[in-house]
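# Observations on the model geometry
Single-letter residue listing:
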Amino acid sequence: MSSRGENRADPNATDSYDKIYPLQESVRFYDKSAPEYDKRNGSKYGKTFGRIFEMVMGHRQLSGGESICDLGGGTGYLLRSFQHLRPNWVNVDLSSNMLSIFKKNFEDYPSKQTRMLDLKGPYYLQESDFFDVVVVNFVLSSMAGTLNFSSILNYMKPNALLVIGDNYYSYVLDNVTYGFKNIEGEKIGIKPKPMYEEDIIVQATNAGFEHLARELVTIDDKPYSQIHVFKIKAQSA
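Described below are features of the structure shown in this document. (Residues numbered from 1 in each chain as written. Predicted model: local features only at pLDDT ≥ 70, side-chain atom pairs only at ≥ 80, totals over all residues. Heavy atoms only, no water.)

### Notes on the sheet that holds strand S8 (residues 156–167)
Reading across the sheet, the seven strands line up as S6-S5-S4-S7-S8-S12-S11 and stay open at both edges, with mixed pairing between neighbours. Only two strands of the sheet have a single neighbouring strand rather than two, namely strand S6 (112–116) and strand S11 (209–219). When the angles between neighbouring strand axes are averaged without regard to direction, this sheet yields 15°. Sheet topology places strand S4 (residues 67–71) next to strand S7 (residues 131–137); four bridges connect them, and they run parallel. Paired with Cys69 across the strands is Val134, a residue of S7. Along the sheet, helix H4 (residues 96–105) makes contact with strand S5 (88–93) and S6, crossing S6 at roughly 170°. Packed onto the sheet, helix H7 (residues 197–206) meets S8, S11 and strand S12 (222–232) and runs at close to 10° relative to S12. (Pairing = 2+ DSSP bridges. Helix = DSSP H or I, 4+ residues; strand = E, 2+ residues; numbered from the N terminus. Axes fitted to C-alpha atoms, helices over the stretch in contact; angles between N-to-C directions. Contact = heavy atoms within 4.5 Å.)

And the structure:
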């Protein structure tokens, strides 16, 4: 199978793949690619992670010790941007291998928890969870179903932020496969869904959020990813 390759660090890469996992099997893909995942984050792919931190701080100046939930957090690369603030961090993912690497990467970080849960379900946190920031980064495009946005409201403090980062549709239309070149001797990939900003905003606002800000992250002056910041919509009197 041949396609114009995507490794999010080289938009012009062309490659063939031994196996393309359907989105219904994306957990198998991420379980297999987990050992190589952080290497990818260190390239241009990681630019989105850094901007998420900056946008959070621009809308709520964190002072340290806040509670942050990373839904679909994988190996926890995003925590590197927030780590100096010592937040209480909950990393939720359905890939056991991703969570294992997260635990290893942050073995000495005291304020962390992991949850291996499916984000498509109605309940993927605990009743005692209340967060200052909830992040959903490069998750929606890898899900066969849709995220239950309404459920997130149950776990947010009144002044909390919801931050959504994902691909920008035009980039994925040009680079249809996200893959790794040598995983157990195979070239494996998935085909993320192209994410349209209107769809993200409508889904979140319909669930009870108010859109605060949007930013495009560019590579070579072309949109690569998008970041949206939301807060809980004020209730009418």
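### Details of the environment of Leu212
Looking at where Leu212 falls in the secondary structure, it is placed in strand S11. Leu212 sits in the partly exposed class, given a relative accessible area of 33%. Distance in space between the C-alpha atoms of Leu212 and Lys231 is 7.0 Å, their sequence separation being 19 residues. Ignoring any residue separated from it by four or fewer positions in sequence, one finds Leu212 in contact with His59, Leu161, Val229, Phe230 and Lys231. (Buried < 20%, exposed > 50% of the residue type's maximum accessible area, 1.4 Å probe, protein only.)

### Looking at the sheet that holds strand S9 (residues 178–183)
Sheet architecture is open: three strands sit in the order S3-S10-S9, paired in mixed fashion. In this open sheet, the two edge strands, each paired with only one partner strand, are strand S3 (19–21) and S9. If you compare each strand with its neighbour and ignore which way they point, the axes differ by 20° on average. Bridge count between S9 and strand S10 (residues 186–190): four bridges; the pairing is antiparallel.

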